[in-house]
Amino acid sequence: MSTAAHAVDRAASVPKRRSYWGGVLRRIGRDPVTMLSAGVLLLIFAAAVFAPWIAPADPYKASMLRRLLPIGSEGFALGTDELGRDMISRLMYGGRLSLVMGVLPVLLAFAIGTSVGLFAGYVGGRLNMVIMRVLDVFYAFPSVLLAVAVSGALGPGMSNSLIALTLVFVPQICRVAESVTTQVRRLDYVDAARMSGAGAASIIRVHVLGNVLGPVFVYATGLVSVCMILASGLSFLGLGVKPPEPEWGLMLNTLRSAIYVNPWVAALPGAMIFATSIAFNLLADGVRSAMDIRR
């Protein structure tokens, strides 16, 4: 057999190297709990996005003649609320605001917190200490108390709630980003890049950012469920979305008086908050487990 044939045989016998992210996706695909959670979230997102086309009724149309109809009523599969509005339509449209209030503050906090954490972790020294101690002032307060205090100071409204929730999660994400950056900047290949003359911006972009984004993103994914609960709590207290807009937390507040008359209908917004939060938590846990390099 020729030398070329031997080389071909050796190349064929060498197993193909699998990429890290390809392995992560394969492990996620094999996890039934994670896939089920992703499917539930996909259905909820689809119902919210396509609500104007698939909702069976106008979510704002009220009728006192059909108020608080029970689940299974003719023409109203999930009943009606305290003003006679269709619950299915209200829940679909309410998912739009609830998901925005749950996801957008975390995305904003992810961008701000990761940037500040990267800078503080890479620079180190006294500047790191000053930045982290300032953020620890916010981090020391419970999330619920800080969200209520900031939202109450700014006033009720969706935009002010978004600002309050973003401020709640920036210190938490920043601390994770700073911790990971501090570990990565001490690795040998970062020192080699620094000694080769690479600038700080280039080192952060090429060598540090890719190692930091993964853990911080997984952590931020787990915060979405917390953010949804906090946003619903603000709306429940009258500090978030204002009536007559459908939002799950606000719907819980307006249906409080009906809990003794029609408890199943009154519990529907809470069930949606619970299901969405659990799905986000399980999805974050599945992604975190799939990204574990030791597996």
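Our subject is the structure that appears above.
Computed from a predicted structure; not experimentally measured. (Residues numbered from 1 in each chain as written. Predicted model: local features only at pLDDT ≥ 70, side-chain atom pairs only at ≥ 80, totals over all residues. Heavy atoms only, no water.)

Novice: Tell me what's going on with the overall build of the protein, and back it up with residues and numbers.
Specialist: Scanning the protein from N- to C-terminus turns up 12 helices and zero strands. Listing each helix as α and each strand as β along the protein from the N terminus yields α-α-α-α-α-α-α-α-α-α-α-α. Each principal axis of the C-alpha distribution contributes one length, and for the protein these read about 85 × 60 × 25 Å. Burial statistics for the protein: of 295 residues in total, 43% are counted as buried. Of all intrachain contacts in the protein linking residues separated by at least 6 positions in sequence, the fraction that spans at least 24 positions is 71%. As presented, the protein carries roughly 15,900 Å² of accessible surface, and 69% of it is formed by carbon and sulfur atoms. The average position of the 25 basic charges and that of the 15 acidic charges among the side chains of the protein differ by 7 Å. (Helix = DSSP H or I, 4+ residues; strand = E, 2+ residues; numbered from the N terminus. Buried < 20%, exposed > 50% of the residue type's maximum accessible area, 1.4 Å probe, protein only. Contact = heavy atoms within 4.5 Å. Areas by Shrake-Rupley, 256 points an atom, 1.4 Å probe, with all protein chains shown as cover. Lys, Arg positive; Asp, Glu negative; His and termini not counted. Charge placed at Lys NZ, Arg CZ, Asp CG, Glu CD.)

Novice: Describe in detail the state of the cysteines, supporting the description with residues and values.
Specialist: One pass over the full model with this rule turns up zero disulfides. No disulfide involves Cys-174; its sulfur sits 17 Å from that of Cys-227, the nearest cysteine. Accessibility expressed as a relative area gives 0% for Cys-174, which makes it buried. With relative accessibility at 0%, the residue Cys-227 sits in the buried group. (Disulfide = S-S within 2.5 Å.)

Novice: Which residues make up the nonpolar core, and what values go with them?
Specialist: As a rule of thumb, nonpolar side chains are buried together in soluble globular proteins. Met-87, Leu-165, Phe-169, Ile-173, Val-212 and Trp-248 are the most contacted members of the largest nonpolar core, which has 58 residues in total. Every residue in contact with Phe-169, bar those within four places of it in the chain, is listed here: Ala-109, Leu-223, Val-226, Cys-227 and Leu-230. Among the nonpolar cores identified, the runner-up in size contains five residues, and Ile-131, Met-132, Leu-135 and Cys-174 belong to it. (Core = buried A, V, L, I, M, F, W, Y, C linked by side-chain atoms within 4.5 Å.)

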